[in-house]
Amino acid sequence: GGRHVEFGYALAMGKPIVSSDVGDVKKNVGNGGIIVKPGSKEQIVKTIDNLLRDDDLCKKLGKNARRIALKNFDWPVVSKQFARVIKDAGGKHAL
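Residues numbered from 1 in each chain as written. Predicted model: local features only at pLDDT ≥ 70, side-chain atom pairs only at ≥ 80, totals over all residues. Heavy atoms only, no water.

**Q** Mind showing me how you'd approach the overall build of the protein chain here?
**A** In terms of regular secondary structure, the protein chain is built from five helices and two strands. For the protein chain, the sequential pattern of α-helices and β-strands runs α-β-α-β-α-α-α. On C-alpha atoms alone, the protein chain measures out to a radius of gyration of 16 Å, which is more than a quarter above the 12 Å that the 2.2 N^0.38 rule sets for 95 residues. Dimensions of the protein chain, computed from the C-alpha atoms along their principal axes, are close to 55 × 25 × 15 Å. Within the span of the protein chain, comprising 95 residues, buried residues form 25% of the whole. When the accessible area of the protein chain is evaluated, it comes to approximately 7,000 Å², of which 57% is carbon and sulfur surface. Of the charged side chains in the protein chain, 18 are positive and 10 negative; the average position of the first set lies 6 Å away from that of the second. (Helix = DSSP H or I, 4+ residues; strand = E, 2+ residues; numbered from the N terminus. Rg over C-alpha atoms; globule rule 2.2 N^0.38 Å. Buried < 20%, exposed > 50% of the residue type's maximum accessible area, 1.4 Å probe, protein only. Areas by Shrake-Rupley, 256 points an atom, 1.4 Å probe, with all protein chains shown as cover. Lys, Arg positive; Asp, Glu negative; His and termini not counted. Charge placed at Lys NZ, Arg CZ, Asp CG, Glu CD.)

Structure below.
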């Protein structure tokens, strides 16, 4: 869905993600952010506040985020994944 695109953009810009643990968020964010308990507004606020106060942690997560984006969401990677999906679906012309 759209959330993956938003995460991809934030990760690519080296921005740490703060999100609740729903779906496959943990898999996509990895060590490029902090995952909190679903529905816990207080934990989200506290986590964002901590990131704003801890520049070193923010930079560390941001660097991790950028690496994750390049590894998982860079166009050469995505195009290979897409070609594999087309081929697996029986497409005659793999990219």
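**Q** Even after reading the chapter, I still don't get the environment of V18, so can you show me in this structure?
**A** Structurally, V18 can be placed in strand β1 (residues 17-20). Relative accessible area serves as the criterion here: at 26%, V18 is assigned to the partly exposed category. Note: C-alpha distance between V18 and G62 (44 residues apart in sequence) is 11 Å. Those residues in contact with V18, other than ones at most four positions away along the chain, are I34, I44, T47, I48 and L51. (Contact = heavy atoms within 4.5 Å.)

**Q** Before we go on, may I ask you to explain the environment of V29 in this structure?
**A** Considering the arrangement of structural elements, one finds V29 in helix α2 (residues 25-29). Residue V29 is classed as buried on the basis of its relative accessible area of 0%. Remark: the alpha-carbon pair of V29 and G8, spanning 21 residues in sequence, is separated by 8.8 Å. Those residues within four positions of V29 in sequence are excluded, and the remaining contacts are F7, I17, I35 and I68.

**Q** Which parts of the structure should I look at to understand the packing of helix α4 (residues 55-72) against helix α5 (residues 75-88)?
**A** For any two helices packed against each other, one specifies the crossing angle of their axes together with the interaxial distance. The contact between α4 and α5 brings their axes to 6 Å, and the two run at 40°. Taken together, the axis directions place α4 and α5 in an arrangement best described as oblique. Where α4 abuts α5, its residues L70, K71 and N72 lie against V77, V78 and Q81. Along the lines of polarity and charge, the residues of the contact of α4 with α5 split into three nonpolar, two polar and one charged. (Axes fitted to C-alpha atoms, helices over the stretch in contact; angles between N-to-C directions. Parallel < 35°, antiparallel > 145°, perpendicular 65-115°, else oblique. Nonpolar A, V, L, I, M, F, W, Y, C, P; charged D, E, K, R; others polar.)

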